[in-house]
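Descriptive analysis of the structure
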Amino acid sequence: MHVDHLTFAVGSAGLKAESERLGALLGERFRDGGFHPRFGTRNHILPLADDRYIEVVEVLEHPAADKAPFGQAVRARSEMGGGWMGWVISVDDLAPLEQRLDRESVHGSRHFPDGRLLEWEQLGVKGLLADPQLPYFLKWDSDPSVLPSALDGTIRLKKIEITGNRERVEDWMGTAIGDVFDGVKIKFSAENGQPGIRSVTFETANGSVKI
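What you are looking at is a predicted structure, and each value in this text was computed from that prediction instead of being measured. (Residues numbered from 1 in each chain as written. Predicted model: local features only at pLDDT ≥ 70, side-chain atom pairs only at ≥ 80, totals over all residues. Heavy atoms only, no water.)

Comments concerning the packing of aromatic side chains
To describe a pair of aromatic rings, you give the distance between the ring centres and the angle between the ring planes. Counting across every chain of the model gives seven aromatic pairs. Judged by centre distance (6.3 Å) and plane angle (75 degrees), the rings of Phe70 and Tyr136 are edge-to-face. Of this pair, Phe70 sits in helix H3 (residues 69-79) while Tyr136 is found in strand E8 (residues 136-140), placing the two residues 66 residues apart along the sequence. For Phe70, a relative accessible area of 3% puts it in the buried group. Taking the centre distance of 5.6 Å and the plane angle of 70 degrees together, the rings of Trp120 and Trp140 count as edge-to-face. Note that Trp120 is positioned in strand E7 (residues 117-123) and Trp140 in strand E8, a separation of 20 residues in sequence. The two residues Trp120 and Trp140 agree in class, both being buried. Put simply, the rings of Phe39, Phe70, Trp120, Tyr136 and Trp140 pair up and form one aromatic cluster. When the ring centre of Phe112 is taken as reference, the NZ or CZ atom of Arg116 above it lies at 4.4 Å. (Phe/Tyr/Trp six-rings, centres within 6.5 Å; stacked < 30°, edge-to-face > 60°. Helix = DSSP H or I, 4+ residues; strand = E, 2+ residues; numbered from the N terminus. Buried < 20%, exposed > 50% of the residue type's maximum accessible area, 1.4 Å probe, protein only. Lys NZ or Arg CZ within 6 Å of the ring centre and 35° of its normal.)

Describing helix H1 (residues 15-26)
In a regular helix each residue adds 1.5 Å, so 12 residues correspond to 16 Å; H1 covers 16 Å between its end C-alpha atoms and thus fits that length. Listed as buried for H1 are Leu15, Glu18, Ser19, Leu22, Gly23 and Leu26. Projected onto a plane normal to the axis of H1, the buried residues spread over an arc of 130 degrees and lie on a single side. Those residues of H1 that are exposed and angled more than 90 degrees off the buried face are Lys16 and Ala24. (Expected span 1.5 Å × (residues − 1). Arc of directions from axis to C-beta.)

Considerations on the sheet that holds strand E9 (residues 156-163)
Spatially, the five strands line up as an open sheet ordered E10-E11-E9-E12-E13, and their pairing is mixed. The outermost strands of the open sheet, each flanked by one partner alone, are strand E10 (180-181) and strand E13 (207-210). When E9 meets strand E12 (residues 196-204), the two strands line up antiparallel, connected through seven bridges. Within E12, the position partnered with Ile160 by the bridge is Val200. (Pairing = 2+ DSSP bridges.)

Some words on the pattern of salt bridges
Applying the stated criterion to the full structure yields 10 salt bridges. Among the salt bridges present, the one from Glu20 reaches Lys16, with a minimum N-O distance of 2.7 Å. Here Lys16 and Glu20 lie together in helix H1, a separation of four residues that amounts to about one turn. The exposure class of Lys16 is exposed, given its relative accessible area of 56%. With a closest N to O distance of 3.0 Å, Arg116 and Asp114 form a salt bridge. (Salt bridge = Lys/Arg side-chain N within 4 Å of Asp/Glu carboxyl O.)

As for the side chain of Ser142
Looking at the secondary structure, you find Ser142 in the loop between E8 and E9. A polar contact is formed between the side chain of Ser142 and the backbone nitrogen of Glu119, at a distance of 2.7 Å. Each residue touching Ser142, except ones within four places of it in the same chain, is listed here: Leu117, Leu118, Glu119 and Leu147. (Polar contact = N/O pair within 3.5 Å; in protein donor to acceptor, adjacent residues only side chain to side chain. Contact = heavy atoms within 4.5 Å.)

Comments concerning the environment of Glu58
Relative to the elements of secondary structure, Glu58 occurs in strand E4 (residues 52-59). Between the C-alpha atom of Glu58 and that of Val180, which follows or precedes it by 122 residues, the distance is 30 Å. When residues no more than four places from it in sequence are discounted, the contact partners of Glu58 are Val10, Gly14, Leu15, Gly40, Thr41, Arg42 and Val74. Among the polar contacts listed, one links the side chain of Glu58 to the backbone nitrogen of Leu15, at a separation of 3.3 Å.

Remarks on unusual backbone geometry
Across residues other than glycine, the phi torsion is negative in most instances, and most of the peptide bonds are trans. One non-glycine residue with positive phi stands out, namely Asp51, at about 60 degrees. Summarising the element assignment, Asp51 is placed in the loop between strand E3 (41-48) and E4. Despite not being glycine, Asp182 has its phi angle at roughly 55 degrees, a positive value. Overall, Asp182 belongs to the partly exposed group, its relative accessible area being 31%.

Here's the deal with helix H6 (residues 166-173)
Because each turn of an α-helix spans 3.6 residues, side chains separated by three or four positions end up pointing in the same direction. Among all positions of H6, only Arg166, Val169, Glu170, Trp172 and Met173 are buried. Relative to the axis of H6, the buried residues are bounded by an arc of 160 degrees and lie together on one face. In this structure, H6 carries Glu167 and Asp171 as exposed residues pointing more than 90 degrees from its buried face. Among the structural elements, strand E5 (83-90), helix H4 (95-101), helix H5 (125-130), E8, E10 and strand E11 (184-189) are those in contact with the buried residues of H6. A distance of 3.0 Å separates the backbone nitrogen of Glu167 from a side-chain oxygen at the start of H6, and that oxygen is part of Asn165. Among the residues trailing H6, Gly174 stands out with phi positive, at a value near 80 degrees.

As structure tokens, then:
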């Protein structure tokens, strides 16, 4: 299991302004990631070190956004003012997770601005909708040359702070995650309120940045 990427849902400022704000904090510029036709969303991405990335995502006025759990999740987080929506774990094989969680993966795709197509299978977005502390899972289907990990990044993901319960997340993932998982510190706090990602810390050229 690999901590693949983090998803940040935009607030009222919109995709361009939110990407510019986060880019200014991190000292790097986001790039246009394209459109998710099955989900009714679009994103901007920022490559990180260690084959990870951040996506800033915006829901569109599109019929797919009302039907797809991912579009629903983005809309729900955006209507709360925006912020960290979830964390995503990539795996080589989704079959064991499909069997253990008793649900089927769904196909996802993203059209790049230049027309290229990125494809994957994903599982667990409905779990994220019900309990935002939970990651969802994906398996990349496309050639490695078009994956986000093919892009160079120097910013390093250091820590994810989650409001929630470690045992609940470990039960969902089917593995112990400890204080460090896949090179990333994972900290849980049991504060009252909505479960989910509380903050994320990055190591940048200008030092540590907490968002």
